[in-house]
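# Understanding the architecture of this molecule
Chain by chain, the residues:
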Amino acid sequence: METVAQVLVNIPARSIHKEFSYLVPEHLPQLDVGWRVLVPFGTRQAEGFVVSVHPPADPLVFAAEDVSVMKFIVAALDEHPWFDKDMFATAQWISEHYLTTLTDALRLFIPGKSGIQNKKIYQATTTADETVDCFFQNREPLYRELWLFLKKNGATDEQHLKKQFSATDLDWKKVLLTLIRHKMVETTGQVMFRGRPRYETQLRLISEPFDKSSREWLKLRPKQQRFLAILGREGILKMADLPRWELSRDMANRLIKAGWIASELIPVIRDTYAASGDQKTAEAGTKALTAAQQQVFDSIFLFLNSGEYRSFLLHGITGSGKTQIYIEAVATVRQSGRQAIVLVPEIALTSQIINRFKERFGDDVTVIHSRLSEGERYDAWRRLRSGQSGIVIGARSAVFAPVPNLGIIVVDEEHETAYKQEESPRYHARDVAFARCRFAGAVALLGSATPSLETYYQSKQGQHVLLTLEERINNEPLPPVTIVDMRQELKSRRRGVLSEPLRQMLSETLEKQEQVILMLNRRGYSTFVMCRECGQVLKCPHCDVSLVYHASSKFLRCHYCLKQYPPPSTCPHCQSRYIKYFGTGTQKVEEELQKFYPDARVIRMDQDTTGGKLSHEQILTSFSRGDYNILLGTQMVAKGHDIPNVTGVGIISADTALNLPDFRAAERTYSLLTQVAGRAGRGGKPGQVILQTYNPEHYAVCHGAAHHYLDFYQEELEYRRQLAYPPFVDLIKIVISAKKEMDAWEKARRLATQLTLPDPMPDTELIGPYPASITRVNDVFRIHILLKTRNASVVKARLRQLELHCQPDMYVDVDPVNAI
């Protein structure tokens, strides 16, 4: 009697979230919870996740199902279960906590979110000649060309058709659809397995040494004898490297056929970061801990191999040596054979920490982030699952790495909002790290110079062990911060981007051949374009935001839908020619720097200059090497960089985040100011920081300039208490969307009524409906409802009962990082 498996089908459709029953074939008796399988689903084959296995006679499970009509599982996608029990338990926690489907949660643990790809294959049908001539009569030549191409080449996928016909004037896709509709072309589905390993061919001698007087040897041509001599000297040659030796593949194949050499396929690990850091040596990366570091490490050490879950918050000022404590904690875990995950908030921060860890641990380090190719991510997954690698470093998605023997998760810069995923499922990597560590009996180590208010409050309540580092390494002082009131600059008729004190600091620092980091949290050249005749600001036609001018590409760009437009010569509203560019972005600051400091070597680091896979690392390496003396960028220059020759830091506008209508605006401003100021004076040379602001009296600016976290924490905590915001309540944001604004409002009001009548939820305040701060994005209108609650479990139960997580036109954001 066959066994029946309950399978979640991995299809990104919110309406398909229930389990489906499939029979387990006899040749796959090993299938159990956690396996990935290939199953028939409708007219195609799909990937599925086995969530339970039962005998078909189980009346509690299959009372209403007819086993005789069930389909069989086609194949297993892996040689072992993909999800271990801790990964599966974490996925279930994500599903329950963030009100998402279990399928969506499990998908997070798969590189590329799916192990297969369904391809459409096209081929010409067999059609009588008179029918063909009749069809193509009075049609564009492309119709006949495309059909003849398919007839000649047989089954062809869309990629090859695109390569062949994308340069044509007509839309080849519409032509293809017409051919399909008239049955001139037929389509079939083909399942492609993703993430297959890459192999390379290696050559080796079958016998050695040679008897060079033998008849067989003398029969060889001189070039063949040279081939064998080189191979005998080198031992192994890769087929791909033969041109370097002026050897040919054809000659290699002949020698293989003649029995002189053998070839074998060797799996290749695709690793962009294989050459990062110096080669590991016995003492590489090892540094003696200071007394303060040792005291912190001793507190963590007690729990590293206990098999007991414990969470720590390491509050250490910038430059206090938090990274070295991470390294020592990971080293301790690795010595016991357990694995480690190290999270950083952004790709921009990975290069230096990767180098530090590679110097200590060599090839034991695997890097995972979203900009790696699919093949690289699969190879990284394989190394971890097989135990070839024991340390993962990466951005938020690395928290899902398949480490079967987890010992520690480090969350560096834990306060960063980049750890929050802004698309479904909307998880926070820090909280997922807590869950993984709980299930695995591992240590969660959070570190920050400016901990989030919630995490610091939790540590004060005893949820985490609070550890502190209050001094920099070698007792180096924190750099003094000079606050420049830009209102006074305007009164003095100095209207430039760079204030007089900032220009003076730049001159002094460059004269001493030291380096400067300048931060402006706006990219582009001008932040908006306005007509001075009618006052209209040029906005994106698809979003409720102004277009930003980018001088390098000479285009206006929307930073939300990413569409771009040529700048108009006249106003589209009144036809006036009085168009002016207002505001300041990083490109404009770069232009002003080159004007005042023509000999300065400026490198810019923002989203426009970091599109490549290793762009961040290349920019930081060049700057660290001294190729440039000014690094200008957005907030990605503010965190994690340890460059000894940087003695000057300029914060061009400290007010960017303060003016946002969000309850975390002050906290974000304080964190950013403190982090970027901490880049100065880390190499034994005194540093200085210039902070330009229009709000010099604001408590976030004042405490940030004074490096007083506890003073800021107390003041901000009191505001949160009075206004009932986290950490005193939980927030749940519901976003309702529609193509028409009135439809969005109608859905939102109906939902608000369902949530309040006839039975209001206890200890819960409903705010809204209210429009999102940017109501329209890419022609979709968004309306918000915000729930403040001290009884989150009851609220989540109500929302799950309404099945909001399955609705295509709304989503639920649990613990949102902003409420706007």
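None of these values were measured; they are calculated from a predicted model. (Residues numbered from 1 in each chain as written. Predicted model: local features only at pLDDT ≥ 70, side-chain atom pairs only at ≥ 80, totals over all residues. Heavy atoms only, no water.)

### Notes on the side chain of Asp 104
Relative to the elements of secondary structure, Asp 104 occurs in helix α3 (residues 102–107). A residue is classified by how much of its surface remains accessible, and Asp 104, at 16% relative accessible area, is buried. At a separation of 3.4 Å, a polar atom in the side chain of Asp 104 contacts the side chain of Thr 100. Leave out the neighbours within four places in its chain, and Asp 104 touches Ser 424 and Pro 425. (Helix = DSSP H or I, 4+ residues; strand = E, 2+ residues; numbered from the N terminus. Buried < 20%, exposed > 50% of the residue type's maximum accessible area, 1.4 Å probe, protein only. Polar contact = N/O pair within 3.5 Å; in protein donor to acceptor, adjacent residues only side chain to side chain. Contact = heavy atoms within 4.5 Å.)

### Some remarks on the layout of surface pockets
Empty pockets left among the atoms are what a rolling probe the size of a water molecule brings to light. Its boundaries defined by the atoms lining it, the second largest pocket holds a volume of some 940 Å³. Taken together, 36 residues make up the lining of the second largest pocket; nearest its centre are Thr 323, Gln 352, Arg 356, Asp 642 and Arg 682. Mapped by element, the contributors of at least two residues to the lining of the second largest pocket are α12 (322–335), α13 (350–361) and α20 (615–625). Looking at the lining of the second largest pocket, its residues break down into 8 nonpolar, 17 polar and 11 charged. (1 Å grid on protein atoms, 1.4 Å probe; cavity = no way out; pocket = protein on both sides within 12 Å on 5 of 7 lines; lining within 4 Å. Points joined across faces, edges and corners; volume = space filled by probe spheres on them. Nonpolar A, V, L, I, M, F, W, Y, C, P; charged D, E, K, R; others polar.)

### A closer look at empty space enclosed by the protein
Counted by the stated rule, this structure contains 5 cavities of 30 Å³ or more. Space inside the largest cavity adds up to approximately 80 Å³. Arg 14, Tyr 98, Leu 99, Thr 100, Asp 104, Ser 424, Pro 425, Arg 426, His 805, Tyr 811 and Val 812 are the residues that line the largest cavity. The residue makeup of the lining of the largest cavity, split by class, is 5 nonpolar, 3 polar and 3 charged.

### Some points on the sheet that holds strand β23 (residues 555–557)
Pairing in this open sheet of 3 strands is antiparallel, and the strands run β22-β23-β24 from one edge to the other. Because the sheet does not close on itself, it has two edges, and the strands there are β22 (548–550) and β24 (564–565). (Pairing = 2+ DSSP bridges.)

### What to know about the packing of aromatic side chains
Applying the stated rule across the entire model yields 21 aromatic pairs. For the ring pair Phe 400 and Tyr 427, a centre distance of 5.0 Å and an interplane angle of 85° mean the geometry is edge-to-face. Placement of Phe 400 in the loop between β15 (391–394) and β16 (406–412) and of Tyr 427 in the loop between β16 and α15 (429–440) is noted, with a sequence separation of 27 residues between them. Measuring from ring centre to ring centre gives 5.1 Å for Tyr 456 and Tyr 709, while their planes differ by 70°; the resulting arrangement is edge-to-face. Remark: Tyr 709 occurs in helix α23 (residues 709–723) and Tyr 456 occurs in helix α16 (residues 453–460); sequence separation between them is 253 residues. Classification of Tyr 709 as buried rests on a relative accessible area of 6%. Put simply, the rings of Tyr 456, Tyr 670, Tyr 699, Tyr 709, Phe 712, Tyr 713 and Tyr 719 pair up and form one aromatic cluster. Over the face of the ring belonging to Tyr 143 we find Arg 139, whose NZ or CZ atom lies 5.5 Å from the ring centre. Sitting over the ring of Trp 82, Arg 385 keeps its end group 4.6 Å from the ring centre. (Phe/Tyr/Trp six-rings, centres within 6.5 Å; stacked < 30°, edge-to-face > 60°. Lys NZ or Arg CZ within 6 Å of the ring centre and 35° of its normal.)

### So, the pattern of salt bridges
This structure, assessed with the given rule, holds 26 salt bridges. As a salt-bridge pair, Asp 431 and Arg 430 come within 3.6 Å of each other at their nearest N and O atoms. Note on accessibility: Asp 431 and Arg 430 belong to one class, buried. With its nearest N and O atoms 3.3 Å apart, the salt bridge here joins Glu 746 to Arg 750. Placement of the pair is Glu 746 and Arg 750 together in helix α24 (residues 741–756), with a separation of 4 residues, close to one helical turn. You can call Arg 750 partly exposed: its relative accessible area is 46%. Linked through salt bridges whose partners overlap, the residues forming this network are Arg 36, Glu 47 and Asp 78. (Salt bridge = Lys/Arg side-chain N within 4 Å of Asp/Glu carboxyl O.)

### Brief notes about the sheet that holds strand β17 (residues 443–448)
Taken in spatial order, the 7 strands of this open sheet run β14-β15-β13-β16-β17-β12-β18, and their pairing is parallel. The open sheet has two free edges, formed respectively by β14 (365–368) and β18 (465–469), since each of these has just one partner strand. Going across the sheet, the axis of each strand differs from the next one's by a mean of 20°, ignoring polarity. Summarising the sheet, strand β13 (residues 339–343) and β15 pair through 4 bridges and their orientation is parallel. Directly across from Val 342, in β15, lies its bridge partner Ile 393. Where helix α11 (residues 291–304) meets the sheet, its contacts fall on β12 (310–316), β16, β17 and β18, and the angle it forms with β18 comes to roughly 155°. (Axes fitted to C-alpha atoms, helices over the stretch in contact; angles between N-to-C directions.)

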